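Below, each chain spelled out in residue letters.
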Amino acid sequence: MRLVRVGRTKKLSIMVFVLAAVLLSFVSLQWNKSAYAADNSSGLTVPQVIAKATPFVVAIIGKSTEAGSNSTDNSSNRFDLAHGTGVIVGADGVILTNAHVVKNMKSITVVTSDGKSYPGKTTHFDEESDLALVKISATGLAVATFGVQSAIQVGDPVLAIGTPISFALRNTVTQGIVSGMERTVNSQYLLLQTDAAINAGNSGGALLNMKGEVIGINALKYSEVGVDSLGFAIPVDTVQYVLKQFLAYGKVKRPYLGMELEEGWEAVVGLPTQAALKVSYVEPDSPTAKAGVKQGDTLSLLNNIPINTIIELNEALKQFLPGDIVKLTMKSDNVDIVREVTLGEDTTGTVYKQAQDGAYIDTDQGKTQIGDSHNGWSMNYPAGLVNTDAYGQGRNVFGDAKGEFALTIQVDDKESKDLSINGLLRKAANQSQGKLLEKRYVNDASMPYALVSGKINSDGYYITHAYHKEDRIYYVTLFVMKEENFKNPFKLNSYLQLLNSFTLSFDKSNKSLKDISAFKDTKTITSDYGVSFELPSEWTPSYDGDNLSFSDKEEESSLNVQITSASSGDTLKQWASRQEQLFKDSYVEEYRKIGGLSDLMIADAPAKSNQFSAAMGKDWEKTNTFYVIKDKYKYKFEFTFSAGAADSDVKKLQDQVIGSVKIDKTAMDSSLGVIQDEEDLIVPNATIAYSNKKFKYTVQVPETWITSNYGAKKDSPFEYYYFTGGNFDIHADDNSSLEDVLKKNEDADKKNAANDKDYKYIVSDEKRFDVTVKKEEVSYITKEAPYKETRYIFTKNNIVYTLTLHLNDAVHTPQNEDALKKVWESFQLQ
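Values in this document were obtained by computation on a predicted structure and should not be read as measured data.

The rules behind each value
- Residues numbered from 1 in each chain as written.
- Predicted model: local features only at pLDDT ≥ 70, side-chain atom pairs only at ≥ 80, totals over all residues.
- Heavy atoms only, no water.
- Helix = DSSP H or I, 4+ residues; strand = E, 2+ residues; numbered from the N terminus.
- Buried < 20%, exposed > 50% of the residue type's maximum accessible area, 1.4 Å probe, protein only.
- Contact = heavy atoms within 4.5 Å.
- Areas by Shrake-Rupley, 256 points an atom, 1.4 Å probe, with all protein chains shown as cover.
- Pairing = 2+ DSSP bridges.
- Axes fitted to C-alpha atoms, helices over the stretch in contact; angles between N-to-C directions.
- Expected span 1.5 Å × (residues − 1).
- Core = buried A, V, L, I, M, F, W, Y, C linked by side-chain atoms within 4.5 Å.
- Salt bridge = Lys/Arg side-chain N within 4 Å of Asp/Glu carboxyl O.
- Phe/Tyr/Trp six-rings, centres within 6.5 Å; stacked < 30°, edge-to-face > 60°.
- Lys NZ or Arg CZ within 6 Å of the ring centre and 35° of its normal.
- Patch = residues over 30% accessible without salt bridge, like charges linked within 9 Å, V, L, I, M, F, W, Y side chains within 5 Å.
- Polar contact = N/O pair within 3.5 Å; in protein donor to acceptor, adjacent residues only side chain to side chain.

Visitor: I'm lost on the overall build of the chain in this one. Help?
Guide: Across its full length, the chain carries 13 helices and 53 strands. Looking at the 830 residues of the chain, the share that counts as buried comes to 48%. Expressed as a percentage of contacts within the chain between residues at least 6 apart in sequence, the contacts between residues at least 24 apart total 59%. Accessible area of the chain: about 40,500 Å², with a carbon and sulfur share of 48%.

Visitor: How do you make sense of helix 7 (residues 421-430) when you look at a structure like this?
Guide: Each α-helix turn comprises 3.6 residues. Residues three or four places apart therefore point the same way. Those residues of helix 7 that fall on the buried side of the exposure criterion are G423, L424, L425, A428 and A429. Those residues of helix 7 that are buried are in contact with strand 28 (435-442), strand 29 (449-455), strand 30 (461-469) and strand 31 (472-480).

Visitor: It is not clear to me how the sheet that holds strand 34 (residues 529-536) should be interpreted in this structure. Could you clarify?
Guide: Strands pair in a sheet through their backbones, by hydrogen bonds, and they do so in one of two ways: parallel or antiparallel. Reading across from one edge, 33-34-43 is the order of the three strands in this open sheet, with antiparallel pairing throughout. Two strands bound the open sheet, and with one partner strand each, they are strand 33 (522-525) and strand 43 (662-668). Adjacent strand axes in the sheet meet at a mean angle of 30° when their direction is disregarded. Alignment of strand 34 against strand 43, held across three bridges, turns out to be antiparallel. Looking at the pairing, Y529 lines up with M668 of strand 43. Contacts from helix 11 (residues 647-660) reach strand 33, strand 34 and strand 43, with the element oriented near 150° to strand 34.

Visitor: Explain helix 10 (residues 572-586) here, please?
Guide: If you check helix 10, its first and last C-alpha atoms are 22 Å apart, about what 15 residues at 1.5 Å a residue would give, namely 21 Å. Buried residues along helix 10 sit in contact with strand 38 (592-594), strand 40 (605-615), strand 41 (620-630) and strand 42 (633-642).

Visitor: Could you clarify how one ought to interpret the nonpolar core in this entry?
Guide: A general tendency of soluble globular proteins is for nonpolar side chains to be buried together. Ranked by internal contacts, the top residues of the largest apolar core, which has 52 residues, are F56, I95, V110, L159, L208, V214 and I217. Counting 41 residues, the second-largest nonpolar core is a separate cluster that includes F695, Y697, F769 and L807.

Visitor: Can you walk me through the pattern of salt bridges in this structure?
Guide: Oppositely charged side chains may form a pair once their charged atoms are brought near each other. Overall, the coordinates contain 32 salt bridges when judged by the stated rule. The salt bridge partner of D680 is K634, with a shortest N-O separation of 2.7 Å. Of this pair, D680 sits in the loop between strand 43 and strand 44 (687-692) while K634 is found in strand 42, placing the two residues 46 residues apart along the sequence. Under the relative-accessibility criterion, K634 is labelled buried at 0%. Where salt bridges share partners, they join D570, R578, K634, D677 and D680 into one cluster.

Visitor: When you look at the packing of aromatic side chains in this model, what are you seeing that I'm missing?
Guide: One pair of aromatic rings is described through two measures. These are the centre distance and the angle between the planes. Counted according to the given criterion, the structure contains 29 aromatic pairs. With a centroid separation of 6.5 Å and an interplanar angle of 75°, the aromatic rings of F794 and F827 are classed as edge-to-face. Taken together, the positions of F794 in strand 51 (residues 787-796) and F827 in the loop between helix 13 (814-826) and strand 53 (828-829) put the pair 33 residues apart, joining distant regions of the chain. Summarising the burial analysis for this pair, F794 and F827 share the class buried. Three or more aromatic residues link up through ring pairs in this structure, and these residues are Y697, F769, Y792, F794, Y801, W824 and F827. Sitting over the face of the ring of W620, K593 holds its NZ or CZ atom 4.7 Å from the ring centroid. We note R768 situated over the ring of W824; from NZ or CZ to the ring centre the distance is 4.4 Å.

Visitor: Before we go on, may I ask you to explain the pairing of strand 50 (residues 771-780) in this structure?
Guide: Across a regular strand the side chains alternate sides, sitting on one face of the sheet and then on the other. When strand 49 (residues 759-768) meets strand 50, the two strands line up antiparallel, connected through ten bridges. Along strand 50, the bridge assignment pairs R768 with V771. Connecting strand 49 to the antiparallel partner strand 50 that follows it, the hairpin turn spans two residues, and F769 within it adopts a positive phi of roughly 60°. One ladder, built from seven bridges, connects strand 50 with strand 51; its direction is antiparallel. Following the sheet pairing, E777 is matched in strand 51 by T790.

Visitor: Hey, could you run me through unusual backbone geometry in this one?
Guide: Outside of glycine, negative phi angles account for most residues, and trans bonds account for most peptide bonds. Not every positive phi belongs to a glycine, and N304 is a case in point at roughly 70°. Looking at the element boundaries, N304 is found in the loop between strand 18 (298-302) and strand 19 (305-306). On the accessibility criterion, N304 (68% relative accessible area) is exposed. Here K696, not a glycine, exhibits a phi torsion of approximately 60°, which is positive. Residue position: K696 is located in the loop between strand 44 and strand 45 (697-702).

Visitor: Help me understand the sheet that holds strand 47 (residues 718-723) in this model?
Guide: The strand order across the open sheet built from seven strands is 46-47-48-52-51-50-49, with neighbouring strands paired in antiparallel fashion. This sheet does not close on itself; its edge strands, each paired only once, are strand 46 (706-707) and strand 49. Pairing geometry for strand 46 and strand 47, over two bridges, is antiparallel. Residue pairing for strand 47: I706 is matched across the bridge by Y722. Each of strand 48 (726-733), strand 49, strand 50, strand 51 and strand 52 (799-808) is contacted by helix 12 (residues 738-755), which is oriented at about 160° to strand 51, the strand it contacts most.

Visitor: Is there a simple way to think about the environment of D756 in this case?
Guide: Relative to the elements of secondary structure, D756 occurs in the loop between helix 12 and strand 49. Along the sequence, D756 and Y780 sit 24 residues apart, while their C-alpha atoms lie 9.0 Å from each other.

Visitor: How should a nonpolar patch on the surface be read in this particular structure?
Guide: Taken together, the side chains of I706, F718, Y720 and Y722 make up a nonpolar region of the molecular surface, amounting to roughly 350 Å² of accessible area. Considering every element that reaches the nonpolar patch, the biggest residue donor is strand 47, with three residues. We classify I706 as partly exposed; its relative accessible area is 40%.

Visitor: Hey, could you run me through the side chain of S129 in this one?
Guide: Counting through the fold element by element, S129 comes out in the loop between strand 7 (117-126) and strand 8 (131-136). You can call S129 buried: its relative accessible area is 5%. At 2.6 Å, the side chain of S129 and the side chain of D126 are in polar contact. In contact with S129, other than residues within four places in its own chain, are Y189, I234, V242 and R254.

Visitor: For this particular structure, what's the right way to read the side chain of H124?
Guide: Take H124: it is sitting in strand 7. Given the relative accessible area of 17%, H124 is considered buried. Among the polar contacts listed, one links the side chain of H124 to the backbone oxygen of F246, at a separation of 3.5 Å.

Visitor: Which parts of the structure should I look at to understand the environment of V650?
Guide: As for its placement among the helices and strands, V650 is situated in helix 11. You can call V650 buried: its relative accessible area is 6%. The spatial distance from the C-alpha of V650 to the C-alpha of F639 is 8.9 Å, given a sequence separation of eleven residues. Beyond its immediate sequence surroundings of up to four residues, V650 is in contact with K622, N624, F641 and A645.

So, in structure tokens, the structure goes:
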């Protein structure tokens, strides 16, 4: 079973309406007269109710700004429209509708019941309640009256009025009853249930009682094979609560507690429950954190109002404003306690910005030509031409609104600049399909081209013009769907006029020329973690899989985004400070620089940033890190740049990416759970034991180190354990003698020392494992990465072991030196 919002319908022409996408804007006039004939206590008949309500119900239509599957912007198609319904609540043109109707809508037009059209503008928007206000410039409008919530009963007859399926079906009415009260269905607040038919486009329309009063705003319905008459409306008390807030504050000032609550099993499956809500997370510095609420506490009452579900809590909080003090009856550590909480204000709601407020619905009005500024072409733009699709940045497909013809434009670049006429003809012919009818070169003085035409099937024809300019070939192909149209001289002439209007130029100063270029210098990165951001188009993923790691072509700049769960009570400052301390502990002072913490906002949430610079030698690397905690998750953005990167370029890129970051918990994968931040669990000196049965040894290595042998052959003769700037290597050799290994190392050391005076080494002996161990100590002061290295070489049980302890001077801290020493000391033979 699928729950869908019925607020609006998209694509009013050349489309098949999918019933599963029903929005509640309008309903067809259909009712069983005998079923409700006896219920006429209000004195109004059904036609009288309709007559009373119709003047205050309006249709809303606009351009959809939601991205299509193959297009970067649906607004490029003048026929790609969306619509819904609204209810007039102010005689001066204030209209109530669903938030989801206008969320991705621009160029809004409102049509009243008398057929008048007005440009509209969204003025108020609250996604949590799914309500919004649209304003038009009008006076003396009929205004809806609201019913009383307490008077509504299950079984009451109701009418739904709206604009279902098509904008041509404005003010359609359906009839039913109130099927249920206080439903908890995919919403923040309780809903009314009705069996009045609700279809796509009905969202924002009125649910009426038999007095002609609005008792709900139609919003949702269940859509599934075998499921009928299951619709939902936002009840009048929630509608009036939101309207009051809109008029008083311009928004809904929603109280904020600052804790996540977990419902009991009964509540989750819809059973009656008396179980308290469990606190699963407390946001740092939140009202509940300040009141002493902890993870694991349970909540049973709010100001003596029983609370057993999250929706019950939301309904109770409608009585309060930010700044009010409430009493929470809770159980903490098995002790009953009443905590006073000063409510904060929830600022996580959607910030709504409408594009092109009040613009005419046909945003192509006045456009007589269409073209692509990036690829450098243009042509005529008749009113019936639909830009149906775009494939990447080099191909466009146009269709006729009547379905008589189609036109494709394909641009191939990186072609030969000295392509001959014969070569162009061949390439044009390669684009052909079906029976070839014509193939020739048209030596037009202004713009010559290769012409190829043919018959596709028993009823269709095509004509292709291929143009060559510099290193590009432009293929413009006309498809005529029916033979009768192709052989109709008047129709064919109109098609050819469009085909022949194609030109290899784009006049940016021509205001009547519509630009449909799909070229962008940035691309949007999305993820299952609810975070999205813009990156330069040429950046690519650094690793395979789902890692949010990217780099430029030269791999001189990179971005790594890490998402982990925030621990209850952890603060942004504490997290960022821990990160700074980890960096300090990793490098000696002369090889590191720290910019210091600074404050900013990311995705409407407080954030911090820091700059870390480090070097292993002469080359420094800058890492600018941004931290933000939102919706129980920690988001860390790490930008890494080479030392030569200009500060202005770094700032420009960071401002672009960080400014584009969006974090939307509704976009998270529903199965997303706790992602533990391992850095928060670091235990100093904790180790992991590794063993090699073939070569008969064990070793204890710090947990934070990395082994390069993951996935390699078990019991390998080579094992590598490393961290930033250091490593511990084990080489077990059962083929060479100790003398051969020692001589090979000695020869290499002597050669290095002879070639470079900064390469120093000394050799000594020490006893361990009941044998003499050769100790080779190397010190190499190089500009690239000065380091110190100690090698222990010995033989036991016919195996020659070489253990190498390597540490760059940049990370030669007492902690790292001691860690390497302890690993060597932990090495044991079996």
